[in-house]
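Spelled out, the chains give:
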Amino acid sequence: MSCNVTADGRARVCFCSGGAPRQRGAASAIPGTGWSGGVWRSEEGQEEGVRSQPPAGSQRAALAHTFVPGSRSHLLLWPQFRVGHRGTIRDYPGISPSVDAEIIHKAIRGIGTDEKALISILTERSNAQRQLIVKEYQAAYGKELKDDLKDDLSGNFESVMVALVTPPAVFDAKQLKKSMKGIGTNEAALIEILTTRTSRQMKEIAQAYYTVYKKSLGDDISSETSGDFRKALLTLAEGRRDETLKVDEHLAKKDAQILYNAGEKRWGTDEDKFIEILCLRSFPQLKLTFDEYRNISQKDIEDSIKGELSGHLEDLLLAIVHCVRNTPAFLAERLHRALKGAGTDEFTLNRIMVSRSEIDLLDIRAEFKKHYGYSLYSAIKSDTSGNYEITLLKICGGDD
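About the thresholds
Residues numbered from 1 in each chain as written. Predicted model: local features only at pLDDT ≥ 70, side-chain atom pairs only at ≥ 80, totals over all residues. Heavy atoms only, no water. Helix = DSSP H or I, 4+ residues; strand = E, 2+ residues; numbered from the N terminus. Buried < 20%, exposed > 50% of the residue type's maximum accessible area, 1.4 Å probe, protein only. Contact = heavy atoms within 4.5 Å. Areas by Shrake-Rupley, 256 points an atom, 1.4 Å probe, with all protein chains shown as cover. Axes fitted to C-alpha atoms, helices over the stretch in contact; angles between N-to-C directions. Parallel < 35°, antiparallel > 145°, perpendicular 65-115°, else oblique. Left-handed = near helix turned anticlockwise from the far one by under 90°. Nonpolar A, V, L, I, M, F, W, Y, C, P; charged D, E, K, R; others polar. Salt bridge = Lys/Arg side-chain N within 4 Å of Asp/Glu carboxyl O. Polar contact = N/O pair within 3.5 Å; in protein donor to acceptor, adjacent residues only side chain to side chain. Core = buried A, V, L, I, M, F, W, Y, C linked by side-chain atoms within 4.5 Å. Expected span 1.5 Å × (residues − 1). Phe/Tyr/Trp six-rings, centres within 6.5 Å; stacked < 30°, edge-to-face > 60°. Lys NZ or Arg CZ within 6 Å of the ring centre and 35° of its normal.

## Quick notes on the overall build of the protein chain
- When you go through the protein chain residue by residue, the secondary structure sums to 19 helices and 6 strands.
- Counting over 400 residues, the protein chain shows a buried share of 48%.
- Sequence separation of at least 24 residues holds for 72% of the intrachain contacts in the protein chain that already meet a minimum separation of 6.
- Total accessible area on the protein chain stands at roughly 18500 Å², and carbon and sulfur atoms take up 49% of it.

So this is what it looks like as structure tokens:
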């Protein structure tokens, strides 16, 4: 089977007049595309047409499923939300970058700081709009806004405000550098960033990394990690994951068999096969592969990874599987760990709140509430304080 949509989101569509499509595998979001999809089948005939209503019980606006003539397999696609539409921060209407820059300058110059004004502007503008403000600030006052923020603020409040005025690729590059800097490596942060960014984002991050540090991201990963874990990280860092909406059922069966032969079926494990398939195949393709794997092995891929692999490579591959199944749930779990228990992991908290604020923070909030029984908003409120708390709650965008 080979199914795809055009670059502008149009698809060749059909629906099955002889009977309702039945699902093969749960539908899921396709990261970075704004589409959701699942592989569906109908054993009855196909009829060209357009189905304009969402599936029963769905609030989606429209639905289409594509097929290839002669095949009874379908890729069901419906518009979920374009990137940015599941975030809590959007473009502010009628923005004047020069006026905002002036307000910010007045808020941080002289004795005392008007934190309320800073929070109001920087949490109510999209990152693209903040970059316009940064440019106006530099032109008007001859200084970098981030430098003035660092001079005037401190602690976690400073960190999150500086993060807000940093371009996304540069922010991620700096987060990766910090994860590898000094004694010890923050493997969990490396895994989180490299498994949740798209191939295009990874290429932008690698370029930003070299621009800022005059050293390649790959070189630093190579020097700070080792073995198969390093190999998997480098594969992800190269940004070579397929991100088309094409799903090939034959390839899914083939890859599932390869994974089975590389692990459950043999003495020892062929880690290279796991790395190649999980780090390079598209998320929708992997979802189908995991379904086929269960048919072959009678086990979930997660159980096989836990049984066949160990250490940081196991953690990384499990993170990929989790993201394939539900990226917002994976990030909700990361936030839960950052906020629970004694002390707060502000490094993780800031990164996820800022980096996902225009992508899928609404979905992360929903998954947080679903899995832990209380809202992300309330967790932040009980675990942080002062202007730092106010800023994070504004980014969070509301209680659930």
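## So, unusual backbone geometry
- The phi torsion at Lys214 lies on the positive side, around 55 degrees, for a residue other than glycine.
- In this structure, Lys214 sits in the loop between helix H8 (199–213) and helix H9 (217–224).
- One non-glycine residue, Gln298, lies in the positive phi region at around 60 degrees.
- Note on Gln298: relative accessible area 60%, which makes it exposed.

## Some remarks on the packing of helix H6 (residues 168–180) against helix H7 (residues 187–196)
- The N-to-C vectors of H6 and H7 enclose an angle of 155 degrees; their axes lie 8 Å apart at closest approach. The angle between the axes of H6 and H7 places the two elements in the roughly antiparallel class. Here the hand of the crossing between H6 and H7 comes out left-handed. Contacts from Asp172, Gln175, Leu176, Ser179 and Met180 in H6 reach Ala189, Leu190 and Ile193 in H7.
- Per-class residue counts for the contact of H6 with H7 are 5 nonpolar, 2 polar and 1 charged.

## Observations concerning the pattern of salt bridges
- As enumerated under the stated definition, the model contains 23 salt bridges in all.
- A salt bridge links Asp100 to Arg125; the shortest N-O distance between them is 2.7 Å. Highlighted residues: Asp100 in helix H1 (residues 97–108) and Arg125 in the loop between helix H2 (115–122) and helix H3 (127–141), separated in sequence by 25 residues. Assigned by exposure class, Asp100 and Arg125 land together as buried.
- Close ionic contact of Glu389 with Lys381 constitutes a salt bridge, the shortest N to O distance being 3.4 Å.
- Judged by relative accessible area, Lys381 falls into the partly exposed class, the value being 45%.

## A word on the side chain of Asn350
- For Asn350, the position within the fold is in helix H16 (residues 346–355).
- Judged by its relative accessible area of 8%, Asn350 is buried.
- Only 2.6 Å separates the side chain of Asn350 from the side chain of Tyr388, close enough to count as a polar contact.
- If sequence neighbours within four positions are ignored, Asn350 has contacts with Asn156, Ser159, Val160, Phe171, Tyr388 and Leu392.

## A look at the nonpolar core
- Counting 87 residues, the largest nonpolar core has Leu316 and Met353 as its most contacted members.
- Looking at which element gives the most residues to this core, the answer is helix H15 (residues 311–339), with 14 residues.
- Apart from the residues within four sequence positions on either side, Met353 is in contact with Leu335, Leu361, Leu376, Ile380, Leu392, Ile395 and Cys396.

## Things to note about helix H17 (residues 361–372)
- When the terminal C-alpha atoms of H17 are compared, their 16 Å separation across 12 residues agrees well with the 16 Å that a helix rising 1.5 Å per residue should span.
- Of all the residues in H17, the buried ones are Leu361, Asp363, Ile364, Arg365, Glu367 and Phe368.
- Residues of H17 that are buried sit in contact with H15, H16, helix H18 (376–383) and helix H19 (386–396).
- In the segment just after H17, Gly373 is the residue with positive phi, at about 80 degrees.

## A look at helix H5 (residues 155–164)
- When H5 is considered as a whole, its buried residues turn out to be Phe157, Val160, Met161, Val162, Ala163 and Leu164.
- If you follow the buried residues of H5, they end up packed against H2, H3, helix H4 (145–152), H6, H16 and H19.

## Looking at the packing of aromatic side chains
- According to the stated counting rule, one finds 4 aromatic pairs in the structure shown.
- When the ring of Tyr209 is compared with that of Tyr213, the centres are 5.0 Å apart and the planes differ by 55 degrees; the resulting orientation is tilted. With Tyr209 and Tyr213 both in helix H8, this residue pair falls 4 residues apart, about one helical turn.
- Connected via pairs of aromatic rings, a cluster forms that spans Phe368, Tyr372 and Tyr374.
- A cation sits over an aromatic face here: Arg125 above Tyr92, 4.0 Å from the ring centre.
- Its guanidinium or amino end placed over the ring of Tyr213, Lys177 lies 5.1 Å from that ring's centre, counting from NZ or CZ.

## Some points on the environment of Ser355
- Along the chain, the position of Ser355 falls in helix H16.
- On the basis of relative accessible area, Ser355 is assigned to the buried category, the value being 17%.
- Between the C-alpha atom of Ser355 and that of Ile193, which follows or precedes it by 162 residues, the distance is 9.9 Å.
- Side chain to side chain, Ser355 and Arg197 meet in a polar contact 3.3 Å long.
- Engagement of the side chain of Ser355 in a polar contact is seen with the backbone oxygen of Arg351, the distance being 2.6 Å.

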